[in-house]
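Inside the fold
So the chains spell out like this:
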Amino acid sequence: MDELIYALKEQIIDALNLEEMTPDEIENDAPLFGNGLGLDSIDALELIVLLEKHYGIKLASPAEGKSIFKSVSTIAEYVEKNRKK
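The sections below set out a description of the structure shown in this document.

**Examining the overall build of the chain**
- Of regular secondary structure, the chain possesses four helices and zero strands.
- Listing each helix as α and each strand as β along the chain from the N terminus yields α-α-α-α.
- For 85 residues, the compact-globule estimate of 2.2 N^0.38 gives 12 Å, and the C-alpha radius of gyration of the chain, at 12 Å, lies within 12% of that figure.
- Principal-axis analysis of the C-alpha atoms places the extent of the chain at approximately 30 × 25 × 20 Å.
- Counting every position in the chain, which comprises 85 residues, the buried fraction comes to 39%.
- Within the chain, contacts between residues at least 6 apart in sequence are counted, and of these 56% link residues at least 24 apart.
- Of the charged side chains in the chain, 9 are positive and 17 negative, and the gap between their average positions amounts to 10 Å.

**Details of the nonpolar core**
- Grouped together as the largest cluster of nonpolar side chains are 25 residues, with contacts concentrated most on Leu8, Ile12, Leu51, Tyr55, Phe69 and Ile75.
- The contacts of isoleucine 75, once residues within four sequence positions are left out, are Leu8, Ile12, Leu32, Leu51, Ile68 and Phe69.

**Some points on the pattern of salt bridges**
- In this structure the tally under the stated criterion is one salt bridge.
- Between glutamate 52 and lysine 58 there is a salt bridge, with the nearest N and O atoms lying 3.9 Å from each other.
- Residue classification places lysine 58 among the exposed positions, given a relative accessible area of 64%.

**Section: the side chain of serine 73**
- Turning to its location among the elements, serine 73 is positioned in helix H4 (residues 72–82).
- By relative accessible area, serine 73 is classed as buried at 12%.
- When sequence neighbours within four positions are dropped, the list of residues in contact with serine 73 reads Ile5, Asn28 and Asp29.

**Details of a negative patch on the surface**
- A surface patch of like charges, here negative, comprises Asp14, Glu19, Glu20, Asp24 and Glu25.
- When you line up the elements, glutamate 19 lands in the loop between helix H1 (2–15) and helix H2 (41–55).
- The class for glutamate 19 is exposed, based on a relative accessible area of 66%.

Reading guide: rules and limits
Residues numbered from 1 in each chain as written. Predicted model: local features only at pLDDT ≥ 70, side-chain atom pairs only at ≥ 80, totals over all residues. Heavy atoms only, no water. Helix = DSSP H or I, 4+ residues; strand = E, 2+ residues; numbered from the N terminus. Rg over C-alpha atoms; globule rule 2.2 N^0.38 Å. Buried < 20%, exposed > 50% of the residue type's maximum accessible area, 1.4 Å probe, protein only. Contact = heavy atoms within 4.5 Å. Lys, Arg positive; Asp, Glu negative; His and termini not counted. Charge placed at Lys NZ, Arg CZ, Asp CG, Glu CD. Core = buried A, V, L, I, M, F, W, Y, C linked by side-chain atoms within 4.5 Å. Salt bridge = Lys/Arg side-chain N within 4 Å of Asp/Glu carboxyl O. Patch = residues over 30% accessible without salt bridge, like charges linked within 9 Å, V, L, I, M, F, W, Y side chains within 5 Å. Areas by Shrake-Rupley, 256 points an atom, 1.4 Å probe, with all protein chains shown as cover.

Written as structure tokens, this is what we have:
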């Protein structure tokens, strides 16, 4: 799971152009939206694309992403259970 979490952090940095950040600066359980990493709704769409591209996961609706995209840890848990690739 640690490898998956690190890979997700790298993919998030790449997909969202967070070039000033390193994977080590993103806390596993820190909120991705609001006071945490400060992502917004456009970033959420990018995360949906990331899951489909790298893991073959298609979300039924953006609203489903709200619980999945709470933190890197919650994304990793979801990917572990639902990955197609």
